[in-house]
Amino acid sequence: DETHPGFKKFLLQPTFLPDVNWIETSYESVQGMIKSNWKQNGETIVWSVTVPKGTTAKVILNKFNKNQINLNGKPVLENTFILDEGKASIKIKLK
């Protein structure tokens, strides 16, 4: 997030490509390790994210409506939301 330098707050806005079944990546920021990996299982994408201690991530999933998204097993209120430090599991129904 350009308005919060130093990775105290950062953005996660993935592009899920139709011909790619999984992605795993990480980045060692000055605040700690940021991890993001997802895998498509049929009509569902399972996305795991790790947010370092003392930071937050803004997740932007504007290609999906809120009814398609679950965060840690619960529905989200919007398709853009904040993740606090720790691990999160996001499930996205494609249809």
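Read on for a plain summary of the structure. Note that the structure is a prediction, hence the values are computed from the model and not measured.

Here's the deal with the nonpolar core
Buried together is how nonpolar side chains tend to be arranged in soluble globular proteins.
Then, number 1: Residues Phe 16, Trp 47, Leu 61, Phe 81, Leu 83 and Ile 90 are the most contacted members of the largest nonpolar core, which totals 21 residues.
Then, number 2: At the level of secondary structure, the elements contributing two or more residues to this core comprise strand S1 (9-12), strand S3 (32-41), strand S4 (44-51), strand S5 (56-60), strand S6 (69-71), strand S8 (80-83) and strand S9 (86-93).

Focus on the layout of surface pockets
Then, number 1: Computed from the structure, the largest pocket encloses a volume of approximately 190 Å³.
Then, number 2: Every residue lining the largest pocket is counted, 15 residues in all, and those nearest its centre are Leu 12, Thr 25, Ile 34, Ser 36 and Trp 47.
Then, number 3: At the level of elements, S1, strand S2 (22-29) and S3 are the ones that each hand at least two residues to the lining of the largest pocket.
Then, number 4: Its residues placed into classes, the lining of the largest pocket shows 10 nonpolar, four polar and one charged.

A word on the sheet that holds S6
Then, number 1: Strand order across the open sheet formed by six strands is S2-S3-S4-S9-S6-S7, with antiparallel pairing between neighbours. Strands with a single pairing partner mark the edges of an open sheet, and in this sheet they are S2 and strand S7 (74-75).
Then, number 2: Where S4 meets S9, eight bridges bridge the pair, whose relative direction is antiparallel. Each bridged residue has a counterpart across the sheet, and for Ile 45 the counterpart in S9 is Ile 92.

Reading the values: rules and limits
Residues numbered from 1 in each chain as written. Predicted model: local features only at pLDDT ≥ 70, side-chain atom pairs only at ≥ 80, totals over all residues. Heavy atoms only, no water. Core = buried A, V, L, I, M, F, W, Y, C linked by side-chain atoms within 4.5 Å. Buried < 20%, exposed > 50% of the residue type's maximum accessible area, 1.4 Å probe, protein only. Helix = DSSP H or I, 4+ residues; strand = E, 2+ residues; numbered from the N terminus. 1 Å grid on protein atoms, 1.4 Å probe; cavity = no way out; pocket = protein on both sides within 12 Å on 5 of 7 lines; lining within 4 Å. Points joined across faces, edges and corners; volume = space filled by probe spheres on them. Nonpolar A, V, L, I, M, F, W, Y, C, P; charged D, E, K, R; others polar. Pairing = 2+ DSSP bridges.

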